[in-house]
Amino acid sequence: MDIDYFSNKELRAMGFKSLGKRVLICRTCKLYHTDQIEIGDDVEIDDFTVLNGHIRIGNHIHISSNCELYSGSSRIEIDDFSGISSHCSFYGITDDYVGPYMNNPTVPPRFRKLTEEPVILDKHVLIATHCVILPGVHIGEGCSFGAMSMISKSTEPWGVYVGCPARRIKERDRGVLDKAEQLIASEAGRKRAK
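Draft legend 1. Looking closely at the pattern of salt bridges. According to the stated counting rule, one finds ten salt bridges in the structure shown. Put simply, Arg168 and Glu171 hold a salt bridge, and the shortest N to O gap is 2.4 Å. By relative accessible area, which is 31% here, Arg168 ends up partly exposed. Classification of Glu171 as partly exposed rests on a relative accessible area of 48%. Three or more residues are tied together by salt bridges with common partners; here these are Asp4, Glu10 and Arg27.

Draft legend 2. Looking closely at the sheet that holds strand β20 (residues 150-151). Spatially, the six strands line up as an open sheet ordered β3-β6-β9-β12-β17-β20, and their pairing is parallel. Every other strand in the sheet has two partners, leaving β3 (30-32) and β20 as the edge strands with one partner each. As judged from the two bridges shared by strand β17 (residues 132-133) and β20, these two strands associate in the parallel manner. Each bridged residue has a counterpart across the sheet, and for Ile133 the counterpart in β20 is Ile151.

Draft legend 3. Broad picture of unusual backbone geometry. That bond from Cys164 to Pro165 is cis: its omega, 5 degrees, falls within 30 degrees of zero. Even without glycine at this site, Trp158 takes up a positive phi of about 60 degrees. Assignment of secondary structure puts Trp158 in the loop between β20 and β21 (159-162).

Draft legend 4. Structural detail: the pairing of β21. Taken together, the two bridges between strand β19 (residues 144-145) and β21 define a ladder with parallel strand orientation. Bridged to Phe145 within β21 is Tyr161. Pairing of β21 with strand β22 (residues 167-171) involves four bridges; the strand directions are antiparallel. Within β22, the position partnered with Gly159 by the bridge is Glu171. If you look at the hairpin formed by β21 and β22, you'll find four residues sitting between the two strands, and Gly163 has a positive phi there, around 100 degrees.

What counts and what doesn't
- The written sequence of each chain sets the order in which its residues are numbered from 1.
- Totals for whole chains, interfaces and linings use every residue, but because this is a predicted model, local features are given only for residues with pLDDT of at least 70 and side-chain atom pairs only at 80 or more, for both listing and counting.
- Side-chain measures here rest on the full set of heavy atoms in the structure, leaving out hydrogens and waters.
- We count a salt bridge whenever a side-chain nitrogen from Lys or Arg sits within 4 Å of a carboxyl oxygen from Asp or Glu.
- Each residue gets one of three labels from its accessible area relative to the maximum for its type: buried under 20%, exposed over 50%, partly exposed in between, using a 1.4 Å probe on protein chains only.
- A pair of strands counts as paired when DSSP detects no fewer than two bridges linking them.
- Helix and strand assignments follow DSSP, with helices taken as H or I runs no shorter than four residues and strands as E runs no shorter than two, numbered in order from the N terminus.

The values are spatial; any link to function lies outside them.
What follows is the structure, encoded as structure tokens:
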């Protein structure tokens, strides 16, 4: 079965804040406020993913199926060479679930307490399936997260994290940086050859 992507012409007509080259977005994705969404080069976004709000997606990014990215009035940034597995949720906004507040968008704001803070992923971050990333989290370069991790606090670079809440269990191999340099050099060589 062939995957049904939006054509480049259709993507350009959606009014993204910026749209790079070689972008593949499945037709089953839901894209809200595209005028606030920036997408770099070599990006693939799979079926049934939701993008809503101020979102910046760098270069060489894959977002697998059934992911949800909600920025609220804050922002979500995913830097180059990062990968998001299926069923992950990113929240730049959340209600207070502990204090004496009501929640959900049908309740007037004076009865709610919202937290709105950016979610930032630096380069080479890997997020495994069913992870949740909460407002205010800044994930350091090269971090990797095991399946079903709850990422509620910012992380130091090049760690492998697992659990709920996510905790660092070891260092990640930085050899990926050499591979990235090789890829960038080969792309530059192709551009010069044209």
